[in-house]
Amino acid sequence: MTAVSSLEFRVLSSGSSLDPKPETRNLRPIGLYIHIPYCASRCHYCDFNTYRFDAVQAEQYLQALAQEIDLRAALEALQGRRLCSVFFGGGTPSILEASQIVRILDRCRAAFAFEDGVEISLEANPGTVDFPKLRALREGGITRLSFGAQAVQDGLLRRIGRAHDAREAEQAFWMAREAGFNNVNLDLMFGLPSQRLEDWAESLGWAVRLRPEHVSTYGLILEEGTRLYKEHRIGALELPDEEMEAAMYQMALDRLTDAGFEQYEISNFARPGFLCRHNLVYWEHQEYLGLGAGAYSFVDGQRYFNELLPANYVRGIRERGTAVAGGEKVSPEMLRSERLMLGLRLRGGLDVRTFTDILGIEHLAASDRVVRLLDEGFLDLKEGRVLITERGLLVANELIVQLL
Ligand code: SF4
C-alpha cells in the first residue's frame, strides 16, 4: 500500500488523466458502505474497527460523516453513478438513535441518486433496539435489518462476550416484523468454544422457526489480539475440532436448504428474491464507496482506505476535507485473483470464459490442476459455469489457493 495524500486523492478523483473520457465513463450502479465504529462492549472474537460507545464522540463522528458524504458525492469519478445499496455496518449501527441514522441516510439521499428499489441495510444487535426505534428506522427508509444473533444458548453467548441473550434476540426479531421489516437477516456462528453439535442444531432450528429472509453462518476465526486468541495461546480454549466444524457446516447446508433457503454464497443463504444486494457488490467485484473510519472504497480500479481511528477520521475531514489515509491502484493480477476468489465463493460460480481468462489458459483441459480438481469432485462444470461442489465447499479456501 502506498500513502495517498489528500491532494493526490483529489487529483486522482477529479478529472486527472486517469479519469476515463466522458463517453467511456463507467456509469454502473455502485454500493455505499457507511461504518459506525461503536459497540456497547467488545465481543471476545472481534477484531473489527470498533470502540466503546460514547454519545458525544458519536455525534461528532456523525457530523464528520455527513461532511464526507457531501465531499465524496461531489467527486468527478462518481458523477452520474447511482447507488444500488446503502449498508450501515460496524460496529453496531443500531446503538445510535434512529433519528441519527435517518439523518445520515437523508444526507445520502440529498447527495447521491438512488436506484429504484435500492437496498438499505442496517446491522443491528439485539439489546440495542426497541419497537419505537425499529419503527422509526423503517419509516426513515431502512429496508433490511441484519441481526447479530450468533447462538441461542445464553452460556455460549456469554462465553463469546455478546451483550445480549437469546430471549432478546427473538424479541428483537418479532419487533422488527411488527415494525414492518420484511427483509431480515440472522447471523449465526459455529465452531465456538465448547459448542456442541446439538447446540448448533438448536440455533439453526431457531432460525428456521423464525422464518427470516436471509441467514448468514460464519465459522469462528481466531483473530490475533482478540480475547479468544489469547485464551487459545495459553491453552485455555476448548474449540470443536476440524471434523466437528465440517459437520456443523454440513448441517447448516442441509437444514437451511431443506427449509427453502438457497445457498448463494459459501456462508450465505436466502429465500428467493432476498439475496443481499450489497454483499453481491463485493462478491461480484463491483465498485463501492466506503465512508467513515477505516472504510475501504473501490472506484475506477483504485482502492482507498480512510483513517482507522474515529478521532483521526474526524480531524481529517474537518481540517483537510478528506480522511483518506492511503490507497493503491489495483493491478490486473490482483484483480484477477480477487475475481477468482470471490467468484468461486458464489454458488453460481464463474462462467468458463472468465475462469480460463483469470487463470490465463486457453481451455479447462489446458490446466492439470483444474482437470484434477474436476476429476476429484471438488469443482464441477454446469451450464457453462465452473462451480465449487458441495465437497469442495468444505475446503474452498485451499482450492482457491491451489488454483492461483
Ligand atoms: S457487536 Fe459486532 S462489531 Fe461489535 S464487538 Fe461484537 S462482533 Fe465486534
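Here, every reference points to the structure presented above.
Here the structure is a predicted model, which means the values were calculated and not measured.

1. A word on the packing of aromatic side chains
Link 1 in the chain: In total, this model carries eleven aromatic pairs according to the counting rule given.
Link 2 in the chain: Members of the aromatic cluster, each reached through a chain of ring pairs, are Tyr-38, Phe-53, Tyr-61 and Tyr-313.
Link 3 in the chain: In this structure, Arg-138 packs its charged tip against the face of Phe-181, placed 5.7 Å from the ring centre.
Link 4 in the chain: Note that Arg-303 overlies the ring of Phe-298, its terminal NZ or CZ placed 5.2 Å from the centroid.

2. Description of the environment of Ser-121
Link 1 in the chain: Tracing the backbone through its elements, the reader meets Ser-121 in strand S5 (residues 113–124).
Link 2 in the chain: When its relative accessible area of 0% is taken as the criterion, Ser-121 is described as buried.
Link 3 in the chain: As a C-alpha pair, Ser-121 and Thr-143 span 22 residues in sequence and 6.1 Å in three-dimensional space.

3. Let's talk about the nonpolar core
Link 1 in the chain: Counting residues in each nonpolar core, the largest one holds 93 residues, and the members touching the most others are Phe-88, Ile-142 and Phe-355.
Link 2 in the chain: The leading source of residues in this core is helix H2 (residues 55–73), at eight residues.
Link 3 in the chain: Each of domain 1 (6–283) and domain 2 (332–404) gives at least three residues to this core.
Link 4 in the chain: What Ile-142 contacts, discounting residues up to four positions off in sequence, is Phe-88, Ile-101, Leu-105, Ile-120, Ser-121, Leu-122, Leu-137 and Phe-181.

4. Observations concerning the pattern of salt bridges
Link 1 in the chain: Across all of its chains, the model carries 15 salt bridges by this definition.
Link 2 in the chain: Put simply, Arg-159 and Glu-231 hold a salt bridge, and the shortest N to O gap is 2.6 Å. Taken together, the positions of Arg-159 in helix H5 (residues 154–159) and Glu-231 in helix H8 (residues 227–233) put the pair 72 residues apart, joining distant regions of the chain.
Link 3 in the chain: The class of Arg-159 is partly exposed, set by a relative accessible area of 26%.
Link 4 in the chain: The class of Glu-231 is buried, set by a relative accessible area of 14%.
Link 5 in the chain: Among the ionic contacts, a cluster of salt bridges with common partners joins Arg-159, Arg-227 and Glu-231.

5. Here we look at the environment of Leu-344
Link 1 in the chain: Structurally, the position occupied by Leu-344 is in helix H12 (residues 332–345).
Link 2 in the chain: Look at Leu-344 and you get buried, because its relative accessible area is 1%.
Link 3 in the chain: Residues Leu-344 and Glu-265, spaced 79 residues apart in sequence, show a C-alpha to C-alpha distance of 8.7 Å.

6. Some points on unusual backbone geometry
Link 1 in the chain: The amide bond that connects Gly-90 to the next residue, Gly-91, takes the cis arrangement and shows omega of 15°.
Link 2 in the chain: Examined against the element boundaries, Gly-91 turns out to sit in the loop between strand S4 (82–90) and helix H3 (98–111).
Link 3 in the chain: Despite not being glycine, Asp-300 shows a phi value in the positive range, around 55°.
Link 4 in the chain: Note that Asp-300 resides in the loop between strand S12 (296–299) and strand S13 (302–306).
Link 5 in the chain: A residue is classified by how much of its surface remains accessible, and Asp-300, at 22% relative accessible area, is partly exposed.
Link 6 in the chain: Residue Glu-383 is not a glycine yet carries a positive backbone phi of 45°.
Link 7 in the chain: Within the fold, Glu-383 resides in the loop between strand S16 (379–382) and strand S17 (385–388).

Basis of the calculations
- Residues numbered from 1 in each chain as written.
- Predicted model: local features only at pLDDT ≥ 70, side-chain atom pairs only at ≥ 80, totals over all residues.
- Heavy atoms only, no water.
- Phe/Tyr/Trp six-rings, centres within 6.5 Å; stacked < 30°, edge-to-face > 60°.
- Lys NZ or Arg CZ within 6 Å of the ring centre and 35° of its normal.
- Helix = DSSP H or I, 4+ residues; strand = E, 2+ residues; numbered from the N terminus.
- Buried < 20%, exposed > 50% of the residue type's maximum accessible area, 1.4 Å probe, protein only.
- Core = buried A, V, L, I, M, F, W, Y, C linked by side-chain atoms within 4.5 Å.
- Domains from an automatic or database assignment.
- Contact = heavy atoms within 4.5 Å.
- Salt bridge = Lys/Arg side-chain N within 4 Å of Asp/Glu carboxyl O.

Any functional reading would require information that these geometric values do not contain.
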